[in-house]
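Working through the structure, step by step
Listed here are the chains, written in short residue letters.
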Amino acid sequence: MKRCYLVIAILFVNSVVKAEIHTFLFQDVIKSSGVGAINLYKPASSSVAVDGLLLEAFRQDNQGSLVFAVDVNEASDGSENADSQGLAIKSAVLALTIDGVEYIYTNVLTRTQVFLMEEGATERQLYPSLIGVAGSALTSPHMKSELTGTSIDSTLKFMVDRDLSNATKASLTINLLNTETSLGDPESFYDYSNGYEQVALLTAQDVSYLESLARGVAYAPMVILDGEPQSLQWTYYPSSDSYYVAAFEDLYPTRGDYDFNDLVVAYQVKVGADNNGNVSIIRGNGFLI
């Protein structure tokens, strides 16, 4: 009889962790100052009760990750418009308190990246980016979540290597990059302005749907795509951490000032092949120097 009770108890715990979950928005937002301090225990809707068990259910649903979505809400000026708007992330910190111990995660993964000059810096660096569109609500009929009817756009992910069932505190802090807009694009495109950005916690189903849409990505400048097929073998030219450089003279073939500094471009090519050596994807990354 005792053994029977034990089996019932285990099945009950598993049913709680694997209960049906739905994407939901948070009460806190990324403010117009470019800083967001999101309390994961403060959902926008009173119908959602957040605790450690719920966060663990989301982590299990996303195969060991917590995946968030951001509504990219930017001013439509310059090269940004209703069809494509962007932000860059300077830092993102996920803080989780479990059994009285705080765990910090800073390795944020986004589907796109971009080389940008931070305001006051002297060279461009690679930053995670968030890309979306203006005010276009999602109306997918398969969604049973708060994502339906919102303009949520882009995803960011944290790999979490521990059980969250006993988590008592959880927060996400995002600092957007203040770009050197005097350079024009791509810095002007990926600056932050206009208003606040909403943040949501996503189910795996909604992650797949949202990432398949790739809202605004096709029209964004200097995008480096992440999440390539894992089965491919990649070869980089000239290498995985270096770039070719091409310089152009606007008066060529007339000698002119002949200094070849009118346009300087850095570029890298990578080739993806399967186990038989058959090439299926060729990608190029480039940016203006």
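Now for a quick tour of the structure. (Residues numbered from 1 in each chain as written. Predicted model: local features only at pLDDT ≥ 70, side-chain atom pairs only at ≥ 80, totals over all residues. Heavy atoms only, no water.)

As for the overall build of the protein chain
Regarding its fold elements, the protein chain presents three helices and 16 strands. When each of the 289 residues of the protein chain is scored for burial, the buried share is 42%. Long-range pairs, those at least 24 residues apart, make up 71% of the contacts in the protein chain with a sequence separation of at least 6. Put simply, the protein chain shows about 15200 Å² of open surface, and 51% of that area lies on carbon and sulfur atoms. (Helix = DSSP H or I, 4+ residues; strand = E, 2+ residues; numbered from the N terminus. Buried < 20%, exposed > 50% of the residue type's maximum accessible area, 1.4 Å probe, protein only. Contact = heavy atoms within 4.5 Å. Areas by Shrake-Rupley, 256 points an atom, 1.4 Å probe, with all protein chains shown as cover.)

Re the sheet that holds strand β3 (residues 65–70)
With antiparallel pairing, the five strands of this open sheet are ordered in space as β1-β11-β3-β9-β6. In the strand order of this sheet, the two ends are held by β1 (24–25) and β6 (108–110), each with one partner. Summarising the sheet, β6 and strand β9 (residues 154–159) pair through three bridges and their orientation is antiparallel. Bridging from a neighbouring strand, L109 pairs with K157 of β9. Where helix α2 (residues 52–61) meets the sheet, its contacts fall on β1, β3 and β11 (199–201), and the angle it forms with β3 comes to roughly 90°. (Pairing = 2+ DSSP bridges. Axes fitted to C-alpha atoms, helices over the stretch in contact; angles between N-to-C directions.)

Considering a nonpolar patch on the surface
Nonpolar side chains collect at one region of the surface, where Y237, Y244 and Y267 lie side by side and expose about 290 Å² of accessible area between them. Positionally, Y244 belongs in strand β14 (residues 244–248). Given a relative accessible area of 35%, Y244 falls into the partly exposed group. (Patch = residues over 30% accessible without salt bridge, like charges linked within 9 Å, V, L, I, M, F, W, Y side chains within 5 Å. Salt bridge = Lys/Arg side-chain N within 4 Å of Asp/Glu carboxyl O.)

Here we look at the pairing of strand β10 (residues 167–176)
Along any regular strand the residues' side chains alternate between the sheet's two faces. As judged from the five bridges shared by strand β2 (residues 35–39) and β10, these two strands associate in the antiparallel manner. Opposite A37, over in β10, you have T173 as the bridge partner. Sheet topology places strand β4 (residues 85–98) next to β10; nine bridges connect them, and they run antiparallel. Bridging from a neighbouring strand, I98 pairs with A167 of β10.

Here we look at α2
For α2, the buried fraction is high: seven of the ten residues fall into the buried class. Taken as a whole, α2 has its buried residues at G52, L54, L55, E56, A57, F58 and R59. Measuring from the side-chain oxygen of the N-cap residue of α2 to the backbone nitrogen of L53 gives 3.2 Å; that N-cap residue is D51. Two residues or fewer past α2, Q63 is found with a positive phi of approximately 55°. (Polar contact = N/O pair within 3.5 Å; in protein donor to acceptor, adjacent residues only side chain to side chain.)

Notes on the nonpolar core
Counting 35 residues, the largest nonpolar core has F68, L94, L156 and F158 as the members making the most contacts within it. Going through the elements one at a time, α2, β3, β4, β9, β10 and β11 are the ones with two or more residues in this core. In terms of residue count, the dominant contributor to this core is β4 (six residues). The next biggest cluster of nonpolar side chains, apart from the first, holds ten residues, and it includes Y127, F189, Y190 and A220. (Core = buried A, V, L, I, M, F, W, Y, C linked by side-chain atoms within 4.5 Å.)

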